[in-house]
Amino acid sequence: MLIVMNHNATQTDVDAISRIVKEMGFRAEPIPGSERTAIGVLGNHGYVDDSKILELPGVQRVIHVSKPYKLVSRDFHPEDTIVDVAGVKVGQGCRPVVVGGPCAVESEEQIIKTALFVKKCGADMLRGGAFKPRTGPHTFQGLREEGLRLLAIAGKESGLPVVTEVMSPDNVGLVSEYADLLQVGARNMQNFDLLRELGRIRKPVLLKRGMSATVEEFLAAAEYVLAEGNDQVILCERGIRTFETATRNTLDLSIVPLVKELSHLPIMVDPSHATGKRSLVSPMAMAALVAGADGVLVEVHPEPEKALSDGPQSLTFPGFEQMMNKISQLTAFLQSR
Ligand code: PEP
Ligand code: MN
């Protein structure tokens, strides 16, 4: 529920309402705005009788929020959230960021070489999986803690913040010792214990859309993180399952402007997992930026044909460099408008 105050309501009115909301057993969160203040009511599990509230001084109206997310919604938080990843700002109004790196950390040489190359081309962050959520158990599962260590070394050598996936609540502490941004993969979007645990740390989270998740389910998953106190969440569209098999997934770009309407959180796009095809990555990265994405997450490997995972969708070094040149022209064009 959202209590919208009159524009001439006083702080005393807001305080009185907050007190009454607390007496009703809920949490009150005042949301000051340039025009008027609103008060978010949290902690109710169903419809709240608003008759008592509507009689109070300063109240203009009450909006009943039926969506499964509140803290994530623009109704509750009209200003855009800017997420700070070790000094790199992500969100509306910031320059779009590029996260580049291999699907998985495979060796010290591979990750350092990639880090230095993507940095030279202008990337803002380095990615690399250490805990890999593979479809079958007989494939490369990642270097685990050793992978985290190598990724952190590559991050230091290149000066880039690092992004890596965390698959279980038990590993949140370990991964947050090494990572600047903790990724929740598509397969774990509804791992609610993991989301809650990530809500209790003070590092930003990159939440990928589940492969069959609706926009509402996606935002409700982000709500779990915010509800525990961590509002530093970046959403990431990475393609969804459809009847189409020509591409690995179907990139749902319309979600970018839609999420911007519904939520204040930044959203990035991963054209690598969305398409599964190297040749489609750069065009879809550009399309994502035109649609208003706050950044792109792209896989790149020094020798994609030898990659231990996701080689066919990984850009080569020259391919990454070409994409970066196009992105810098595109961002200059978008900023000039
Ligand atoms: C990844 O980023 O390497 C990954 C496994 O992505 P997703 O969870 O989107 O499949
Ligand atoms: Mn991958």
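Residues numbered from 1 in each chain as written. Chains lettered and ligands numbered in written order. Predicted model: local features only at pLDDT ≥ 70, side-chain atom pairs only at ≥ 80, totals over all residues. Heavy atoms only, no water.

I tried to follow the pattern of salt bridges on my own but got confused; where do I start?
Opposite charge on two side chains permits pairing when their charged atoms draw close. Under the defined criterion, the tally for this structure stands at 16 salt bridges. Glu299 is the salt-bridge partner of Arg127, the closest N and O atoms lying 3.4 Å from each other. Placement of Arg127 in strand β8 (residues 125-127) and of Glu299 in strand β14 (residues 295-299) is noted, with a sequence separation of 172 residues between them. In terms of burial, Arg127 and Glu299 fall into one category: buried. Between Lys306 and Glu303 there is a salt bridge, with its nearest N and O atoms 3.0 Å apart. Through salt bridges with shared partners, a single ionic network connects Glu197, Arg200 and Glu228. (Salt bridge = Lys/Arg side-chain N within 4 Å of Asp/Glu carboxyl O. Helix = DSSP H or I, 4+ residues; strand = E, 2+ residues; numbered from the N terminus. Buried < 20%, exposed > 50% of the residue type's maximum accessible area, 1.4 Å probe, protein only.)

Could you clarify how one ought to interpret the coordination of the manganese ion (ligand 2) in this entry?
Octahedral six-donor coordination of a metal ideally yields angles of 90 or 180 degrees, compared with 109.5 degrees for tetrahedral four-donor coordination. Here the manganese ion (ligand 2) is held by the protein donor atoms Cys103 (SG), His273 (NE2), Glu299 (OE) and Asp310 (OD), which lie 2.0 to 2.4 Å from it. Sequence spacing among the residues donating to the manganese ion (ligand 2) works out to C-x169-H-x25-E-x10-D. Note that Cys103 is positioned in the loop between β7 (97-101) and α3 (108-120) and Glu299 in strand β14, a separation of 196 residues in sequence. An identical accessibility class is assigned to Cys103 and Glu299; each is buried. (Donors = N, O, S within 2.8 Å, 3.2 Å for Na, K, Ca; no water.)

Could you clarify how one ought to interpret the environment of His264 in this entry?
With respect to the secondary-structure elements, His264 resides in the loop between α8 (255-262) and β13 (267-269). We classify His264 as buried; its relative accessible area is 2%. Remark: the alpha-carbon pair of His264 and Arg74, spanning 190 residues in sequence, is separated by 5.4 Å. Beyond its immediate chain neighbours, meaning those up to four positions away, His264 contacts Leu71, Val72, Ser73, Arg74, His77, Glu79, Asp80, Thr81 and Leu226. Among the polar contacts made by the side chain of His264, one reaches the main-chain carbonyl oxygen of Val72 at a distance of 3.4 Å. Within polar-contact distance, the side chain of His264 engages the side chain of Thr81 at 2.7 Å. (Contact = heavy atoms within 4.5 Å. Polar contact = N/O pair within 3.5 Å; in protein donor to acceptor, adjacent residues only side chain to side chain.)

So what exactly am I meant to see when it comes to α8 here?
Residues that lie three or four places apart on an α-helix share one face, since the helix turns once every 3.6 residues. Residues of α8 that are buried include every one of Ile255, Val256, Val259 and Lys260, and no others. Buried residues of α8 fall within an arc of 140° about the axis and therefore sit on the same side. On its buried face, α8 sits against α7 (215-227), β12 (233-237) and β13. (Arc of directions from axis to C-beta.)

Could you clarify how one ought to interpret helix α4 (residues 145-158) in this entry?
With 14 residues, α4 extends 20 Å from end C-alpha to end C-alpha; this agrees with the ideal 20 Å at 1.5 Å per step. Contact partners of the buried residues in α4: α3, β8, β9 (162-165) and α5 (172-178). Of the residues trailing α4, Gly159 is marked for its positive phi of about 80°. (Expected span 1.5 Å × (residues − 1).)

What is the right way to read the domain arrangement of the protein from this model?
Size of an interface, as often reported, equals the accessible area lost when the parts are brought together. We note that the domain assignment places domain 1 (2-63) and domain 2 (83-336) within the protein. Each of domain 1 and domain 2 has a C-alpha centre, and the two are 38 Å apart. (Domains from an automatic or database assignment.)

Is there a simple way to think about the environment of Ala285 in this case?
On the secondary structure map, Ala285 appears in helix α10 (residues 278-290). Put simply, Ala285 and Asp270 are 15 residues apart on the chain and 7.6 Å apart in space, counted from C-alpha to C-alpha. When residues no more than four places from it in sequence are discounted, the contact partners of Ala285 are Pro271, Val296 and Met323.

Before we go on, may I ask you to explain the side chain of Asp252 in this structure?
Here Asp252 shows up in the loop between β12 and α8. By relative accessible area, Asp252 is classed as buried at 18%. Polar contacts involving the side chain of Asp252 include one to the side chain of Arg209, which spans 2.9 Å.

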